[in-house]
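Notes for the structure review
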Amino acid sequence: MKYKRMSKKYLLAAETFSYSYANYADHLGINPRFDEYMPNDIDVIEKVINSGKGIKELATKLDVEEEVAQQILSSYTTAKDIVFAETAEASFRKGVKASILLSVESGLKSEDDIDNLVSQICYRASDLAYLLNLEEKELSDYSKALRE
């Protein structure tokens, strides 16, 4: 295996805080931000959600402004959908869609905007490579599904 196998919590942290899976895996064991801080934030988010408390509580627990807490919660919700997809292919599709939606919301008005979207899709391809490695599959295993 080329990369460290990450738990769903680490994958959620990577996705929520906008890190590629391979980059996140490369930092495990050498940077407490990746091993402890971001996964702990995922625990906090889940506890707040499970307790039925709102953004104000999340902001307090994460020590951020409510607007930032809302963005983190939104990112976590999207991350959960991506990380818990049935297959690497489904995760890739959901990730690409999320990247496109975010770019459309931000506005695709210039060539730089389009270049940024292309970069995000390339990051999604990198994440797909990580997931395929974990599944011990090749891209061709999903060729038909990717054409649907």
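Below is a short write-up of the structure. Fair warning: this is a prediction, and the values are worked out from it, not measured in the lab. (Residues numbered from 1 in each chain as written. Predicted model: local features only at pLDDT ≥ 70, side-chain atom pairs only at ≥ 80, totals over all residues. Heavy atoms only, no water.)

**Some details on the environment of Tyr24**
Rules: The way it works is that DSSP assigns letters per residue, a run of H or I at least four long becomes a helix, a run of E at least two long becomes a strand, and they are numbered from the N terminus. The contact criterion used throughout is that any non-hydrogen atoms of two residues lie within 4.5 Å. By the criterion applied in these results, polar contacts are pairs of N or O atoms within 3.5 Å in which, for protein atoms, one can donate a hydrogen and the other can accept it, and in which residues neighboring in sequence qualify only through two side-chain atoms.
Its place among the elements puts Tyr24 in helix H2 (residues 21–27). When sequence neighbours within four positions are dropped, the list of residues in contact with Tyr24 reads Met6, Tyr10, Ala13, Ala14, Tyr19, Phe34, Met38 and Pro39. Within the structure, the side chain of Tyr24 is placed 2.6 Å from the backbone oxygen of Phe34, a separation counted as a polar contact.

**Describing helix H1 (residues 8–16)**
To keep it simple, the criterion reads: Working definition: with a 1.4 Å probe on protein chains only, accessible area under 20% of the residue-type maximum means buried, over 50% means exposed, and in between means partly exposed.
Among the residues of H1, those classed as buried are Leu11, Leu12, Ala13, Ala14, Glu15 and Thr16. Where H1 is buried, its residues touch H2, helix H3 (32–51), helix H5 (66–83) and helix H7 (111–135). Backbone geometry just downstream of H1 places Ser18 in the positive-phi region, at approximately 65 degrees.

**Brief notes about empty space enclosed by the protein**
Filter applied, for reference: Whether a set of points on the 1 Å grid over the protein atoms alone is a cavity depends on a 1.4 Å probe fitting there but being unable to get out, while an open set qualifies as a pocket with protein on both sides within 12 Å along at least five of seven lines; lining residues are those with an atom within 4 Å of a point. Grid points are joined across faces, edges and corners, and a volume is the space filled by probe spheres set on the points. For this scheme, ten residues count as nonpolar: Ala, Val, Leu, Ile, Met, Phe, Trp, Tyr, Cys and Pro. Four count as charged, namely Asp, Glu, Lys and Arg, and the remainder, Gly too, count as polar.
Taken as a whole and judged by the stated rule, the model has one cavity of 30 Å³ or more. Along the walls of the largest cavity sit Glu15, Tyr21, Ile82, Ser91, Phe92, Gly95, Arg124, Asp127 and Leu131, which together make up its complete lining. Only helix H6 (88–106) and H7 provide two or more residues apiece to the lining of the largest cavity. Counted by class, the lining of the largest cavity contains four nonpolar, two polar and three charged residues.

Taken by themselves, the reported measurements are silent on function.
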